[in-house]
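Given next are the chains, with one letter for each unit.
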Amino acid sequence: QVQLVESGGGLVQAGGSLRLSCAASGRTSSRYAMGWFRQAPGKKREFAAAISWTGSNTYYADSVKGRFAISRDNAKNTVYLQMNSLKPEDTAVYYCAADLAGYYGSSAEPYDYWGQGTQVTVSS
């Protein structure tokens, strides 16, 4: 089992920045890829970014490319999502997810574990 806890969400004005963190505990000796997804009210959960176990490979949704950056510190069992130039349409609950098979794609189904989410609200 892997437990994931997100933090760092909050209220920010458009154009501002936030850094989300996702701390993993439990089966942290496994090599797992990580992803960030988000879900706005009334909308489906959508992919934002993902990173391989080593951190050498990253993948972004077109909607966040160039504004968001995913990174990880395996010594701390933590993954980050740096969000810059935030827009009101980035408002959502952000979830991190772990995949033990190393998948770091945009589909939510393969991910094995999910956090509870952290709210990000961007005001105009």
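What you are looking at is a predicted structure, and each value in this text was computed from that prediction instead of being measured.

Asker: Mind laying out the overall build of the protein chain, listing which residues take part and the relevant values?
Answerer: When helices and strands are tallied, the protein chain shows 0 helices and 11 strands. If you line up the protein chain on its principal axes, its C-alpha atoms span 40 × 25 × 25 Å. Scored against the burial criterion, the 124 residues of the protein chain give a buried share of 43%. Put simply, 57% of the contacts in the protein chain that link residues at least 6 apart link residues at least 24 apart.

Asker: Account for the sheet that holds strand β8 (residues 78-83), with residues named and values stated.
Answerer: What the 4 strands build is an open sheet, ordered β1-β3-β8-β7; its pairing is antiparallel. Both outer strands of the open sheet, β1 (2-7) and β7 (68-73), are each paired with one neighbouring strand and no more. Shown here is a sheet whose adjacent strand axes are inclined to one another by a mean of 15°, direction ignored. One ladder, built from 6 bridges, connects β7 with β8; its direction is antiparallel. Considered in β8, the bridge of Asp-73 is made with Thr-78.

Asker: So what about the environment of Val-93? Which residues, and what values?
Answerer: Relative to the helices and strands, Val-93 resides in strand β9 (residues 92-99). Each C-alpha atom, one on Val-93 and one on Val-120, is 6.0 Å from the other, the two residues being 27 residues apart in sequence.

Asker: Mind laying out the pattern of salt bridges, listing which residues take part and the relevant values?
Answerer: Under the definition given, this model contains 4 salt bridges. Note that Glu-46 and Arg-38 form a salt bridge whose closest N and O atoms lie 2.6 Å from each other. Measuring nitrogen to oxygen at the nearest pair gives 2.7 Å for the salt bridge that ties Asp-90 to Arg-67. Taken together, the positions of Asp-90 in the loop between β8 and β9 and Arg-67 in the loop between β6 (58-60) and β7 put the pair 23 residues apart, joining distant regions of the chain. Like Asp-90, the residue Arg-67 is buried in the burial classification.

Asker: Would you mind going over unusual backbone geometry in detail, with residue names and values included?
Answerer: Of all residues except glycine, most have a negative phi; of all peptide bonds, most are trans. With phi around 55°, Asn-77 is a residue other than glycine that occupies positive phi space. When you line up the elements, Asn-77 lands in the loop between β7 and β8. Of note in the backbone geometry, Ser-85 takes a positive phi value of approximately 50° without being a glycine. You can see Ser-85 is positioned in the loop between β8 and β9.

Cut-offs and rules
- Residues numbered from 1 in each chain as written.
- Predicted model: local features only at pLDDT ≥ 70, side-chain atom pairs only at ≥ 80, totals over all residues.
- Heavy atoms only, no water.
- Helix = DSSP H or I, 4+ residues; strand = E, 2+ residues; numbered from the N terminus.
- Buried < 20%, exposed > 50% of the residue type's maximum accessible area, 1.4 Å probe, protein only.
- Contact = heavy atoms within 4.5 Å.
- Pairing = 2+ DSSP bridges.
- Axes fitted to C-alpha atoms, helices over the stretch in contact; angles between N-to-C directions.
- Salt bridge = Lys/Arg side-chain N within 4 Å of Asp/Glu carboxyl O.

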